[in-house]
Amino acid sequence: MKGYLAILPLVLATPALAEPMTPSVKAMVEKAVRSGDKAKADAVVGVAKETYPDSAGEIDALVASIQAEQEAARKEQMAHAGFFDNWKGSGELGGSKATGNSDTVTVAAGLTLNKEGRVWRHAITALADLQRSDGDNTQERYAAGYKIDRKFGERFYLFGTFGWERNRVAGLKSRFTEALGLGYTVINQPNLTWNLEGGPALRQAKFVDRDENGVAFRAASDFAWSITPTTKLTQLTTGFIEGGSSSILSTTAVTAQLIGALSARLSFNVQYESDPPAGDKHTDTITRATLVYDF
(Lines give C-alpha, C1' and ligand atoms only; values in the text may rest on other atoms or scores of the structure.)
Protein backbone atom coordinates (compact mmCIF):
# COMPACT_ATOMS: atom_id res chain seq x y z
CA MET A 1 0.00 0.00 0.00
CA LYS A 2 2.88 2.41 0.74
CA GLY A 3 4.12 1.96 -2.84
CA TYR A 4 0.75 2.99 -4.22
CA LEU A 5 0.55 6.07 -2.04
CA ALA A 6 4.11 7.05 -2.92
CA ILE A 7 3.47 7.19 -6.69
CA LEU A 8 -0.08 8.55 -6.57
CA PRO A 9 1.07 12.21 -6.42
CA LEU A 10 3.13 11.62 -9.56
CA VAL A 11 0.22 10.12 -11.50
CA LEU A 12 -2.65 12.29 -10.28
CA ALA A 13 -2.37 15.87 -11.43
CA THR A 14 -4.09 17.82 -8.66
CA PRO A 15 -4.82 20.98 -10.71
CA ALA A 16 -6.71 19.03 -13.40
CA LEU A 17 -9.91 18.95 -11.38
CA ALA A 18 -12.22 19.33 -14.37
CA GLU A 19 -10.36 16.93 -16.66
CA PRO A 20 -11.56 13.37 -17.25
CA MET A 21 -9.79 10.52 -15.49
CA THR A 22 -6.67 9.45 -17.36
CA PRO A 23 -6.14 5.83 -18.55
CA SER A 24 -3.18 5.44 -16.18
CA VAL A 25 -5.28 6.39 -13.15
CA LYS A 26 -8.10 4.10 -14.30
CA ALA A 27 -5.60 1.23 -14.58
CA MET A 28 -4.27 1.98 -11.10
CA VAL A 29 -7.77 1.98 -9.59
CA GLU A 30 -8.58 -1.31 -11.32
CA LYS A 31 -5.34 -2.93 -10.14
CA ALA A 32 -5.91 -1.79 -6.53
CA VAL A 33 -9.50 -3.10 -6.43
CA ARG A 34 -8.52 -6.43 -7.99
CA SER A 35 -5.72 -6.90 -5.44
CA GLY A 36 -8.25 -7.81 -2.75
CA ASP A 37 -6.58 -5.45 -0.25
CA LYS A 38 -9.48 -3.29 0.95
CA ALA A 39 -7.29 -0.69 2.67
CA LYS A 40 -5.20 -0.26 -0.48
CA ALA A 41 -8.27 -0.06 -2.73
CA ASP A 42 -10.01 2.50 -0.50
CA ALA A 43 -6.90 4.69 -0.44
CA VAL A 44 -6.40 4.66 -4.21
CA VAL A 45 -10.09 5.14 -5.01
CA GLY A 46 -10.37 7.97 -2.48
CA VAL A 47 -7.44 9.93 -3.93
CA ALA A 48 -8.65 9.33 -7.50
CA LYS A 49 -12.13 10.68 -6.72
CA GLU A 50 -10.73 13.72 -4.92
CA THR A 51 -8.43 14.51 -7.85
CA TYR A 52 -11.03 13.86 -10.57
CA PRO A 53 -14.37 14.73 -8.96
CA ASP A 54 -16.12 14.86 -12.36
CA SER A 55 -15.18 11.19 -12.82
CA ALA A 56 -16.46 10.04 -9.42
CA GLY A 57 -19.45 8.29 -11.00
CA GLU A 58 -17.21 6.53 -13.51
CA ILE A 59 -14.88 5.41 -10.71
CA ASP A 60 -17.78 4.07 -8.63
CA ALA A 61 -19.12 2.21 -11.68
CA LEU A 62 -15.67 0.70 -12.35
CA VAL A 63 -15.34 -0.48 -8.74
CA ALA A 64 -18.87 -1.94 -8.74
CA SER A 65 -18.21 -3.74 -12.03
CA ILE A 66 -14.99 -5.33 -10.76
CA GLN A 67 -16.60 -6.37 -7.48
CA ALA A 68 -19.58 -7.91 -9.30
CA GLU A 69 -17.21 -9.81 -11.57
CA GLN A 70 -15.22 -11.11 -8.60
CA GLU A 71 -18.39 -12.12 -6.74
CA ALA A 72 -19.70 -14.00 -9.79
CA ALA A 73 -16.37 -15.82 -10.14
CA ARG A 74 -16.38 -16.68 -6.42
CA LYS A 75 -19.90 -18.15 -6.60
CA GLU A 76 -19.04 -20.11 -9.73
CA GLN A 77 -15.97 -21.56 -8.05
CA MET A 78 -17.95 -22.48 -4.91
CA ALA A 79 -20.62 -24.21 -7.01
CA HIS A 80 -18.03 -26.66 -8.40
CA ALA A 81 -15.86 -27.09 -5.29
CA GLY A 82 -15.51 -30.49 -3.63
CA PHE A 83 -15.81 -31.13 0.10
CA PHE A 84 -12.05 -30.76 0.68
CA ASP A 85 -11.78 -27.51 -1.31
CA ASN A 86 -11.94 -23.90 -0.08
CA TRP A 87 -11.19 -24.58 3.57
CA LYS A 88 -9.66 -21.70 5.55
CA GLY A 89 -8.51 -21.72 9.12
CA SER A 90 -6.39 -20.43 11.94
CA GLY A 91 -4.34 -21.87 14.76
CA GLU A 92 -3.62 -20.13 18.05
CA LEU A 93 -1.09 -20.84 20.77
CA GLY A 94 -0.12 -19.21 24.03
CA GLY A 95 1.63 -20.28 27.21
CA SER A 96 3.75 -19.35 30.19
CA LYS A 97 5.97 -20.93 32.84
CA ALA A 98 6.69 -19.59 36.32
CA THR A 99 9.29 -20.97 38.76
CA GLY A 100 10.45 -19.98 42.22
CA ASN A 101 7.92 -19.90 45.04
CA SER A 102 5.54 -21.79 42.74
CA ASP A 103 6.01 -23.98 39.67
CA THR A 104 3.24 -23.12 37.21
CA VAL A 105 2.81 -24.00 33.55
CA THR A 106 -0.01 -22.57 31.42
CA VAL A 107 -0.88 -23.67 27.88
CA ALA A 108 -3.69 -22.38 25.63
CA ALA A 109 -4.17 -23.75 22.11
CA GLY A 110 -6.92 -23.68 19.52
CA LEU A 111 -7.73 -24.62 15.94
CA THR A 112 -10.52 -23.31 13.70
CA LEU A 113 -11.42 -24.50 10.19
CA ASN A 114 -14.16 -22.87 8.06
CA LYS A 115 -15.60 -23.51 4.64
CA GLU A 116 -18.10 -21.17 2.96
CA GLY A 117 -20.06 -22.69 0.07
CA ARG A 118 -22.88 -21.37 -2.05
CA VAL A 119 -25.44 -23.39 -0.05
CA TRP A 120 -23.52 -25.15 2.74
CA ARG A 121 -21.29 -23.70 5.45
CA HIS A 122 -18.98 -25.80 7.66
CA ALA A 123 -17.01 -25.01 10.84
CA ILE A 124 -14.66 -27.20 12.90
CA THR A 125 -13.25 -25.99 16.22
CA ALA A 126 -10.96 -27.39 18.89
CA LEU A 127 -9.41 -25.81 21.96
CA ALA A 128 -7.43 -26.70 25.06
CA ASP A 129 -6.73 -24.73 28.24
CA LEU A 130 -4.38 -26.29 30.79
CA GLN A 131 -2.76 -24.87 33.89
CA ARG A 132 -0.66 -26.98 36.23
CA SER A 133 0.61 -25.50 39.49
CA ASP A 134 2.89 -27.31 41.94
CA GLY A 135 1.93 -30.69 40.49
CA ASP A 136 -1.83 -30.15 40.50
CA ASN A 137 -4.12 -29.24 37.61
CA THR A 138 -5.75 -25.92 38.52
CA GLN A 139 -7.34 -25.48 35.09
CA GLU A 140 -8.16 -28.19 32.56
CA ARG A 141 -10.67 -27.68 29.78
CA TYR A 142 -10.85 -29.32 26.37
CA ALA A 143 -13.54 -28.88 23.72
CA ALA A 144 -14.17 -29.79 20.09
CA GLY A 145 -17.10 -29.25 17.76
CA TYR A 146 -18.45 -29.46 14.23
CA LYS A 147 -21.21 -27.27 12.80
CA ILE A 148 -22.94 -27.34 9.41
CA ASP A 149 -25.38 -24.75 8.04
CA ARG A 150 -27.75 -25.09 5.10
CA LYS A 151 -28.48 -21.60 3.77
CA PHE A 152 -31.88 -20.50 2.46
CA GLY A 153 -31.50 -17.10 0.85
CA GLU A 154 -29.54 -14.27 2.42
CA ARG A 155 -30.92 -14.46 5.96
CA PHE A 156 -32.26 -17.85 7.04
CA TYR A 157 -30.39 -21.13 7.48
CA LEU A 158 -30.79 -24.50 9.15
CA PHE A 159 -27.96 -25.65 11.41
CA GLY A 160 -26.72 -28.88 12.90
CA THR A 161 -24.02 -29.13 15.56
CA PHE A 162 -22.07 -31.82 17.37
CA GLY A 163 -19.85 -30.96 20.33
CA TRP A 164 -17.74 -32.53 23.05
CA GLU A 165 -16.19 -30.93 26.12
CA ARG A 166 -14.30 -31.91 29.24
CA ASN A 167 -13.51 -29.84 32.34
CA ARG A 168 -12.23 -32.07 35.13
CA VAL A 169 -11.39 -29.20 37.46
CA ALA A 170 -15.05 -28.08 37.30
CA GLY A 171 -16.27 -31.64 37.86
CA LEU A 172 -17.24 -32.40 34.24
CA LYS A 173 -15.71 -35.63 32.96
CA SER A 174 -17.29 -35.35 29.50
CA ARG A 175 -20.35 -33.93 27.78
CA PHE A 176 -21.63 -34.60 24.28
CA THR A 177 -24.16 -32.28 22.64
CA GLU A 178 -26.14 -32.66 19.41
CA ALA A 179 -28.45 -29.88 18.21
CA LEU A 180 -30.61 -28.89 15.23
CA GLY A 181 -32.43 -25.64 14.62
CA LEU A 182 -33.01 -22.45 12.68
CA GLY A 183 -30.62 -19.53 12.30
CA TYR A 184 -31.27 -15.97 11.20
CA THR A 185 -28.72 -13.39 10.07
CA VAL A 186 -29.75 -10.14 11.76
CA ILE A 187 -26.88 -8.07 10.30
CA ASN A 188 -24.85 -8.96 7.23
CA GLN A 189 -22.43 -6.16 6.35
CA PRO A 190 -18.84 -6.41 5.07
CA ASN A 191 -17.48 -5.33 8.47
CA LEU A 192 -20.33 -6.43 10.77
CA THR A 193 -22.28 -9.70 11.11
CA TRP A 194 -24.70 -10.99 13.73
CA ASN A 195 -26.42 -14.39 13.70
CA LEU A 196 -29.06 -15.71 16.11
CA GLU A 197 -29.92 -19.42 16.46
CA GLY A 198 -32.39 -21.58 18.33
CA GLY A 199 -33.51 -25.21 18.39
CA PRO A 200 -33.72 -28.50 20.33
CA ALA A 201 -30.67 -30.38 21.56
CA LEU A 202 -29.66 -33.69 23.13
CA ARG A 203 -27.02 -33.77 25.87
CA GLN A 204 -25.16 -36.65 27.50
CA ALA A 205 -23.04 -35.55 30.48
CA LYS A 206 -20.86 -37.35 33.00
CA PHE A 207 -20.10 -35.32 36.12
CA VAL A 208 -17.92 -36.58 38.95
CA ASP A 209 -21.00 -37.22 41.10
CA ARG A 210 -23.69 -38.16 38.53
CA ASP A 211 -24.67 -38.82 34.92
CA GLU A 212 -27.20 -36.69 33.05
CA ASN A 213 -28.93 -37.42 29.73
CA GLY A 214 -31.70 -35.17 28.51
CA VAL A 215 -33.36 -32.91 25.98
CA ALA A 216 -32.56 -29.21 26.05
CA PHE A 217 -33.24 -26.01 24.14
CA ARG A 218 -30.19 -24.38 22.55
CA ALA A 219 -29.91 -20.65 21.84
CA ALA A 220 -26.86 -18.88 20.42
CA SER A 221 -25.65 -15.43 19.41
CA ASP A 222 -22.64 -15.05 17.06
CA PHE A 223 -21.36 -11.47 16.62
CA ALA A 224 -18.33 -10.24 14.65
CA TRP A 225 -17.21 -6.64 14.06
CA SER A 226 -14.18 -5.56 12.06
CA ILE A 227 -13.44 -2.36 13.97
CA THR A 228 -10.57 -1.52 11.61
CA PRO A 229 -9.04 -3.42 8.67
CA THR A 230 -6.61 -5.01 11.15
CA THR A 231 -8.69 -5.30 14.35
CA LYS A 232 -11.70 -7.56 14.92
CA LEU A 233 -14.07 -8.07 17.86
CA THR A 234 -15.98 -11.35 18.18
CA GLN A 235 -18.53 -12.49 20.74
CA LEU A 236 -20.07 -15.98 20.78
CA THR A 237 -22.60 -16.98 23.43
CA THR A 238 -24.32 -20.37 23.58
CA GLY A 239 -26.90 -21.32 26.19
CA PHE A 240 -28.79 -24.52 27.03
CA ILE A 241 -31.96 -24.89 29.10
CA GLU A 242 -32.56 -28.46 30.23
CA GLY A 243 -35.41 -29.09 32.65
CA GLY A 244 -34.66 -27.06 35.76
CA SER A 245 -31.00 -26.52 34.94
CA SER A 246 -29.10 -24.40 32.46
CA SER A 247 -25.58 -23.78 31.19
CA ILE A 248 -24.05 -20.85 29.33
CA LEU A 249 -20.74 -20.56 27.48
CA SER A 250 -19.58 -17.13 26.32
CA THR A 251 -16.32 -16.10 24.63
CA THR A 252 -15.36 -12.52 23.79
CA ALA A 253 -12.16 -11.90 21.84
CA VAL A 254 -10.23 -9.05 20.24
CA THR A 255 -7.83 -10.01 17.45
CA ALA A 256 -5.27 -7.55 16.06
CA GLN A 257 -3.13 -8.24 13.00
CA LEU A 258 0.61 -7.98 13.68
CA ILE A 259 2.20 -8.78 10.34
CA GLY A 260 0.96 -10.78 7.39
CA ALA A 261 -0.98 -13.83 8.58
CA LEU A 262 0.16 -13.44 12.20
CA SER A 263 -2.13 -11.80 14.77
CA ALA A 264 -2.40 -11.37 18.53
CA ARG A 265 -5.61 -12.31 20.36
CA LEU A 266 -6.93 -11.53 23.82
CA SER A 267 -10.03 -13.50 24.81
CA PHE A 268 -12.22 -13.92 27.86
CA ASN A 269 -14.24 -17.10 28.37
CA VAL A 270 -17.10 -17.53 30.86
CA GLN A 271 -18.77 -20.89 31.57
CA TYR A 272 -21.81 -21.04 33.87
CA GLU A 273 -23.46 -24.21 35.22
CA SER A 274 -26.64 -23.78 37.26
CA ASP A 275 -26.25 -27.20 38.89
CA PRO A 276 -22.53 -27.98 39.34
CA PRO A 277 -21.20 -30.91 41.40
CA ALA A 278 -21.32 -30.42 45.15
CA GLY A 279 -18.60 -28.06 46.35
CA ASP A 280 -17.92 -26.54 42.92
CA LYS A 281 -18.67 -22.96 41.90
CA HIS A 282 -21.31 -22.06 39.33
CA THR A 283 -19.00 -19.95 37.15
CA ASP A 284 -15.54 -20.53 35.66
CA THR A 285 -13.59 -17.91 33.69
CA ILE A 286 -10.52 -18.19 31.49
CA THR A 287 -8.49 -15.29 30.07
CA ARG A 288 -6.22 -16.16 27.14
CA ALA A 289 -3.47 -14.23 25.37
CA THR A 290 -2.41 -16.08 22.23
CA LEU A 291 -0.70 -15.68 18.88
CA VAL A 292 -2.89 -16.61 15.89
CA TYR A 293 -1.76 -17.73 12.45
CA ASP A 294 -4.23 -17.70 9.56
CA PHE A 295 -3.91 -20.19 6.71
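Everything numeric here is computed off the predicted structure, so don't read it as measured data.

What counts, and where the lines are drawn
- Residues numbered from 1 in each chain as written.
- Predicted model: local features only at pLDDT ≥ 70, side-chain atom pairs only at ≥ 80, totals over all residues.
- Heavy atoms only, no water.
- pLDDT = per-residue confidence, 0-100.
- Contact = heavy atoms within 4.5 Å.
- Salt bridge = Lys/Arg side-chain N within 4 Å of Asp/Glu carboxyl O.
- Helix = DSSP H or I, 4+ residues; strand = E, 2+ residues; numbered from the N terminus.
- Buried < 20%, exposed > 50% of the residue type's maximum accessible area, 1.4 Å probe, protein only.
- Patch = residues over 30% accessible without salt bridge, like charges linked within 9 Å, V, L, I, M, F, W, Y side chains within 5 Å.
- Areas by Shrake-Rupley, 256 points an atom, 1.4 Å probe, with all protein chains shown as cover.
- Phe/Tyr/Trp six-rings, centres within 6.5 Å; stacked < 30°, edge-to-face > 60°.
- Lys NZ or Arg CZ within 6 Å of the ring centre and 35° of its normal.
- Axes fitted to C-alpha atoms, helices over the stretch in contact; angles between N-to-C directions.
- Parallel < 35°, antiparallel > 145°, perpendicular 65-115°, else oblique.
- Left-handed = near helix turned anticlockwise from the far one by under 90°.
- Core = buried A, V, L, I, M, F, W, Y, C linked by side-chain atoms within 4.5 Å.

(A) Geometry of the confidence of the model for the chain. A residue-level look at the chain finds 90% of positions with pLDDT of 70 or above and a mean pLDDT of 87. Note that residues 9-17 has pLDDT below 50 and, in this model, 19 contacts with residues that lie over four places away or in other chains.

(B) Molecular detail of the pattern of salt bridges. Counted according to the given criterion, the structure contains 17 salt bridges. Here Arg175 ties to Glu273 by a salt bridge, and the two come within 2.6 Å at their closest N and O atoms. Pair noted here: Arg175 is in strand S6 (residues 172-189) and Glu273 is in strand S11 (residues 262-273), with a separation of 98 residues, a long-range link. For Arg175, a relative accessible area of 4% corresponds to the buried category. A salt bridge links Lys206 to Asp211; the nearest nitrogen and oxygen atoms lie 3.4 Å apart. You can call Lys206 partly exposed: its relative accessible area is 42%.

(C) A look at a nonpolar patch on the surface. A contiguous nonpolar patch, built from Phe152, Phe156, Leu158, Leu182 and Tyr184 and spanning about 470 Å² of accessible area, is present on the exposed surface. Among the elements of the structure, strand S5 (156-167) and S6 are those that each provide at least two residues to the nonpolar patch. Within the secondary structure layout, Phe152 lies in strand S4 (residues 136-152). Judged by relative accessible area, which is 44%, Phe152 ranks as partly exposed.

(D) How the structure looks around the environment of Pro277. Locating Pro277 in the fold gives a position in the loop between S11 and strand S12 (283-294). Each C-alpha atom, one on Pro277 and one on Gly171, is 6.1 Å from the other, the two residues being 106 residues apart in sequence. Dropping the residues within four chain positions of it, Pro277 is found in contact with Ala170, Gly171, Phe207, Val208, Asp209 and Arg210.

(E) Quick look at the packing of aromatic side chains. Per the counting criterion, the structure on display carries 2 aromatic pairs. Aromatic pair Phe156 and Tyr184: ring centres 4.8 Å apart, planes at 50 degrees, arrangement tilted. Residue Phe156 is located in strand S5, and its partner Tyr184 is located in strand S6; the two are separated by 28 residues in the primary sequence. Judged by centre distance (6.2 Å) and plane angle (35 degrees), the ring pair of Phe162 and Phe176 falls under tilted. Here Phe176 lies in strand S6 and Phe162 lies in strand S5, a separation of 14 residues in the sequence. On the basis of relative accessibility, which here comes to 33%, the residue Phe176 falls in the partly exposed class. A cation sits over an aromatic face here: Arg121 above Tyr157, 4.9 Å from the ring centre. If you follow Arg150 out to its NZ or CZ, it ends over the ring of Phe152, 4.6 Å from the centre.

(F) Representation of the packing of helix H2 (residues 23-34) against helix H3 (residues 38-51) within the structure. Axis separation between H2 and H3 bottoms out at 8 Å; the angle between their running directions is 155 degrees. When the axes of H2 and H3 are compared, the pair comes out roughly antiparallel. Considering how the two elements wind past one another, H2 and H3 form a crossing that is left-handed. For the pair H2 and H3, the contacting residues are Val25, Met28, Val29, Ala32 and Val33 in the first and Lys40, Ala41, Val44, Val45 and Ala48 in the second.

(G) Spatial organisation of the nonpolar core. Core analysis: the largest hydrophobic core is formed by 15 residues, its most contacted members being Val25, Val29, Val33, Val45, Ile59 and Val63. Of all the secondary structure elements, the ones that give two or more residues to this core are H2, H3 and helix H4 (56-79). Here this core gets 5 residues from one element, more than from any other, and that element is H2. The contacts of Val33, once residues within four sequence positions are left out, are Ala41, Val45, Val63, Ile66, Gln67 and Gln70.

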